[in-house]
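Each chain, written out:
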Amino acid sequence: MTTAVEMLGIRKVFPGVVANDNVNLSVEEGEIHALIGENGAGKSTLMNVLFGLHHPEAGVIKIRGKEVHIRKNADAIALGIGMVHQKFKLVPSFTVAENITLGSEPRHRGIFLDRKAVHDNVMEISRRFGLQISPDARIQDLPVGVQQRVEILKALYRQADILILDEPTAVLTPKETRDLFGVIRSLVANGKTVIFITHKLREVMEISDRVTAMRDGKVVGVTKTTETNPTQLARMMVGRDVLLRVTKTEAQPKDVVLQIRDLHVFDDRNLKAVQGVSFDVRAGEILGIAGVEGNGQRELVEAIVGLRPAWNGEIQVKAQNLTTLNIRQRREVGVSCVPEDRYVRGVALPASIEDNLIVNNYFKPPIAQGPLLKPDVIARHAQELIETFDVRTPSKDVPAYALSGGNLQKVVLARELSAQPDLFIAAQPTRGLDIGSIEFVHRRIVEARDRGAAVLLVSAELEEIMSLSDRIVVLYEGKIMGAIEGARATEEGLGLWMAGITSEGSPEAAGH
Amino acid sequence: MDFSWILDILQRYVFNIANLQGMLRLATPVVLAGLCALITSRAGILNIAGEGMILFGAWFGVAGSYFFRSAWMGLLAAMLSGLVVGGLFALFSLKFRAHIIIMGIAINIFANSATIFLTREVFGVAGAFSDPNIAGLPPIEIPILKDIPVLGPLLSGYTFIVYLAWILVALTYVFLYRTPWGLHLRAVGENPQAAETLGINVQRVRFGAVMASGVFASLAGVYLSLGHLQMFTEQMAAGRGFIGMAVNTFGGGEPVGVFLSSLLFGIVETIGWRLQGERIMPVYFISMLPYLATLAALTIFTLRKQQAKKAALERAAREA
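The model shown is predicted, which means the values in this text are computed figures rather than measured ones.

Visitor: Honestly, the overall build of chain A in this entry has me stumped. Any pointers?
Guide: A tally of regular secondary structure across chain A gives 18 helices and 24 strands. Here the C-alpha atoms of chain A give a radius of gyration of 25 Å, agreeing with the 24 Å that 2.2 N^0.38 yields for 512 residues. Seen along its three principal axes, the alpha-carbon backbone of chain A occupies a region of about 70 × 50 × 50 Å. A total of 512 residues make up chain A; the buried ones form 55% of that total. When contacts within chain A are restricted to residue pairs at least 6 apart in sequence, those whose partners lie at least 24 apart make up 65%. When the accessible surface of chain A is split by element, carbon and sulfur atoms take 50% of a total near 22,200 Å². Taken together, the 62 basic and 65 acidic charged side chains of chain A have centroids lying 3 Å from each other.

Visitor: Help me out: how do you make sense of the overall build of chain B in this one?
Guide: When you go through chain B residue by residue, the secondary structure sums to 13 helices and four strands. Taking 320 residues into account, the globule formula puts the C-alpha radius of gyration at 20 Å, and chain B, at 21 Å, falls close to it. Taken over the C-alpha atoms alone, chain B extends approximately 65 × 55 × 40 Å along its principal axes. In chain B, buried positions account for 50% of the 320 residues. Once local pairs closer than 6 in sequence are excluded, the contacts in chain B between residues at least 24 apart make up 74%.

Visitor: Where do I start with the side chain of A:T101 in this structure?
Guide: Secondary-structure assignment places A:T101 in helix 3 (residues 96-101). Those residues in contact with A:T101, other than ones at most four positions away along the chain, are A:P106, A:V118, A:V122, A:Y157 and A:R158.

Visitor: Explanation requested: the pattern of salt bridges in the structure shown.
Guide: As a working rule, side chains carrying opposite charge can pair if their charged atoms are close by. Residue and element names in this part refer to chain A. With the rule as written, the count across this model stands at 36 salt bridges over all chains. E203 is the salt-bridge partner of K200, the closest N and O atoms lying 4.0 Å from each other. Each of K248, R449, D450 and D470 takes part in salt bridges that share partners, so that together they form one network.

Visitor: For this particular structure, what's the right way to read the domain arrangement of chain A?
Guide: Interfaces are frequently sized by the accessible area removed from exposure as the parts join. Residues and elements named next belong to chain A. Under the domain assignment used here, chain A contains domain 1 (3-238) and domain 2 (243-334 + 464-512). In this structure, domain 1 and domain 2 have C-alpha centres spaced 34 Å apart. Counting residues at the interface gives eight residues for domain 1 and five residues for domain 2. Across the interface of domain 1 and domain 2, roughly 510 Å² is buried in total on both sides, 74% from carbon and sulfur atoms. Of all residues in domain 1, T173, P174 and R202 bury the most surface against domain 2, accounting for 57% of the area lost on that side. If you look at where domain 1 meets domain 2, you find one salt bridge. Those elements that place two or more of their residues in the side of domain 1 that touches domain 2 are helix 7 (201-207) and helix 8 (230-238).

Visitor: Whenever I open this one, the environment of A:A448 confuses me. Can you help?
Guide: Residues and elements named next belong to chain A. Among the structural elements, A448 can be located in helix 15 (residues 435-451). A C-alpha to C-alpha distance of 9.4 Å links A448 and I286, two positions 162 residues apart in sequence. Setting aside chain neighbours within four positions, we find A448 in contact with L417, F424, A453 and V455.

Visitor: When you look at the sheet that holds strand 16 (residues 312-317) of chain A in this model, what are you seeing that I'm missing?
Guide: Where strands meet in a sheet, backbone hydrogen bonds hold them as pairs that are either parallel or antiparallel. Residue and element names in this part refer to chain A. Taken together, four strands build an open sheet; the order of strands is 14-13-16-17 and the sheet is antiparallel. Looking at which strands have only one partner, the edges of the open sheet turn out to be strand 14 (272-282) and strand 17 (320-321). Taken together, the five bridges between strand 13 (residues 256-266) and strand 16 define a ladder with antiparallel strand orientation. Bridged to I260 within strand 16 is I315. Here helix 9 (residues 297-305) sits on the sheet and contacts strand 13, strand 14 and strand 16; the angle it forms with strand 13, its principal contact strand, is near 120 degrees.

Visitor: What's the story with the interface of chain A and chain B in this structure? I'm lost.
Guide: With 28 residues of chain A in contact, the opposing surface of chain B contributes 23 residues. Regarding the contact of chain A and chain B, the summed buried area is about 2,400 Å², with carbon and sulfur atoms giving 66% of it. Counting every contact that joins chain A to chain B gives zero salt bridges. Where chain A meets chain B, there are four residue pairs in polar contact (both at pLDDT 80 or more). When residues of the side of chain A that touches chain B are traced back to their parent elements, those giving at least two are helix 2 (73-78), helix 3, strand 8 (112-113) and strand 13 of chain A.

Visitor: Please explain the packing of aromatic side chains as it appears in this structure.
Guide: Think of a pair of aromatic rings as described by two things: how far the centres are apart, and how the planes are tilted against each other in angle. Counting across every chain of the model gives 18 aromatic pairs over all chains. Here the aromatic rings of B:F56 and B:F60 are separated by 6.3 Å at their centres, their planes lie at 35 degrees, and the arrangement is tilted. With B:F56 and B:F60 both in helix 3 (residues 50-68) and four residues apart, this pair spans about one turn of that helix. A relative accessible area of 7% places B:F56 in the buried class. Where B:Y66 meets B:F67, the ring centres are 5.1 Å apart and the plane angle is 70 degrees; that geometry is what we call edge-to-face. Members of the aromatic cluster, each reached through a chain of ring pairs, are B:F56, B:W59, B:F60, B:Y66, B:F67, B:F110, B:F123 and B:F129. Just above the ring of A:F363 sits the side chain of A:R328; from NZ or CZ to the centre is 3.5 Å. B:R69 extends its terminal NZ or CZ atom over the ring of B:Y66, reaching a point 5.4 Å from the ring centre.

Visitor: Just to check I follow, could you spell out the sheet that holds strand 6 (residues 81-84) of chain A for this structure?
Guide: All names here are of chain A. Read across the sheet, six strands follow the order 6-9-10-3-11-12 without closing on themselves; strand pairing throughout is mixed. What marks the edges here is a single partner per strand, and that holds for strand 6 and strand 12 (218-224). For this sheet the average axis-to-axis angle between neighbouring strands, irrespective of direction, equals 20 degrees. Running over the sheet, helix 6 (residues 174-189) touches strand 3 (32-37), strand 9 (162-166) and strand 10 (193-198) and is turned about 150 degrees from strand 10.

Quick notes on the rules
- Residues numbered from 1 in each chain as written.
- Chains lettered and ligands numbered in written order.
- Predicted model: local features only at pLDDT ≥ 70, side-chain atom pairs only at ≥ 80, totals over all residues.
- Heavy atoms only, no water.
- Helix = DSSP H or I, 4+ residues; strand = E, 2+ residues; numbered from the N terminus.
- Rg over C-alpha atoms; globule rule 2.2 N^0.38 Å.
- Buried < 20%, exposed > 50% of the residue type's maximum accessible area, 1.4 Å probe, protein only.
- Contact = heavy atoms within 4.5 Å.
- Areas by Shrake-Rupley, 256 points an atom, 1.4 Å probe, with all protein chains shown as cover.
- Lys, Arg positive; Asp, Glu negative; His and termini not counted.
- Charge placed at Lys NZ, Arg CZ, Asp CG, Glu CD.
- Salt bridge = Lys/Arg side-chain N within 4 Å of Asp/Glu carboxyl O.
- Domains from an automatic or database assignment.
- Buried area = accessible area lost by both parts, 1.4 Å probe.
- Pairing = 2+ DSSP bridges.
- Axes fitted to C-alpha atoms, helices over the stretch in contact; angles between N-to-C directions.
- Polar contact = N/O pair within 3.5 Å; in protein donor to acceptor, adjacent residues only side chain to side chain.
- Phe/Tyr/Trp six-rings, centres within 6.5 Å; stacked < 30°, edge-to-face > 60°.
- Lys NZ or Arg CZ within 6 Å of the ring centre and 35° of its normal.

Below you can see the structure in the form of structure tokens.
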């Protein structure tokens, strides 16, 4: 077997950070190579170097044994390297075929688009690799899994032999993930080489031949997948033992705190995103809302906290109707929320941590006295929360944007939980966080439950839903597909519900 | 009831050959200003400098025609000015990253003062410059077509730029939807990152779009100064750069849409001229009409969009 990619002694420095420090990576031709590591470990930097988006300070890159100089994106493409980014780079109003051929379109008499050739070329490549698509469909009408297939075809159309997939399963349903794995296997069977970036250890075990683990900009281990296990991989990534499973006691549910009846909510495109949803959350329990993103979760949460009007239906917290209250009034009733987009709604990025920690209570004592803020109380408040929530920051005065994702989320958690909410909503609370921070966030969510809060957990990560929730409901196209006790749920069963399939029975039965 | 008086009024003030001719004439600079806005907006650039570009085009058209005694040289001079002003706009806003709105405002103010200054310095007059030595663009009679009743007078006998504007509408459509570069331009406008990762030079595409917008605008300018009366008047763009932006929005960013909404503008302006002769309304109010029409059109457009949104909401609610 020959070596497809060899990266030797790669060093890449960003202002103040060594993103890649003497990194070596070797990928054999025809293998599926997993590149794992926490956020900020340097995986994406390394791949961006390979794809010509970053320029290393030092190091050598060899492709198929030959030393190469990749100065720009186009050089990498010419060398047969293709990359599917985490955030797709597609033009929504263009057709599948237009997106695939964009930038190297077949022409007709030199100046016109040869639309038939565009269509035919795309059909041909789709048949050759067994990746089914309809060339004339518009991207904006396609589900995420198909869009990803278009991204892969884009790389194949440019004759990529080496495919980099950056966290490809983050946006997929379990079914779509299985399809993707099928595609990856058939690509490898067709002689392609795949580099698979992920931090989901289960997927590493399932799909990869070999694994390279990175931590703090360095490679900390290379191993054959058959010779390792998830616990060992987690230890490599984090540098210490990690609890992959959350420890929690049996829930002690009490009174109903949140009661939702026949709720209908519209999304930004004025389509019905939530369609007649009803459920309860009791004090002292965690209700997990599972589902592939974009099935109404965001709109549901926004309707509860007051960011989006409910079209009709009831939202009650502690028997009080929320729909007529504004956001602050709802918070005063006892609602707290960790929003799914922490950079937009979770914090004010240019404001200091101290200021970010008081935005939910700056208007009332003890933070304020009449119209005036009390700086000494605010400072003490910030200091206390930074300590209790273990926010790693040089000081309480640095702007929020200076913090890492995990520390930023701790700031949000600190603010929202310090309000001692009766209803605590956590939307995608660990998205983009590394294993260490995930563990922390999970512990805090369970603590909030044990203190007696009703917790509504919304997550697209099945593992997270299953390990935290006392009860689980699955949202699919804005409707509840099913509900089940957390302990009885199986991944396969929830996966079916997430894909909108009910006919095969209860998730419990489907799992066996 | 007898509605013939309505028909009578419609025929007298709106649908007669003279008015339709007026509509096509007066729509021409708006069509070109609309294409100026279209080509940049489809590339993802907010270009508000059309007004200034038109003004420069108008001035250089007159200057070129006056000094070379040729309308074609005026046309050429104007187009060159469009390229230069467009190039400067692109250079500052795209390459040196000046704020695009501020840059647009700067160009508009600069064009206004520069043309006033140049008129005084070069021609030694203030306000307006006209001279028998300025050659106008000759009307073009289209053989055969010109002899057909109704269609002949309606479609034949305009100056070159009127026909050029029609051709440019068609060419812009072909460019956008039938050529690779049009595909690139739309991709750059809609998702620049996608275009970039596929090796499309986003900067270059946008540069080209701004230069093209300069040429479109300058043609609108030449039409104003050489199309009918051969003269340059201070501030003669009279808001057409901005109306072009409105027409582009109203026309949904499509070449044909721009053309049709420009006709709407043209007919309103024509009616305005007719009414001035009738002395039934104050002249100042009448000259406001085209702008009021633009405002009204945009308002109706937005309201209808909102209504469609609401209807969709209600439909969805019924289905649920």
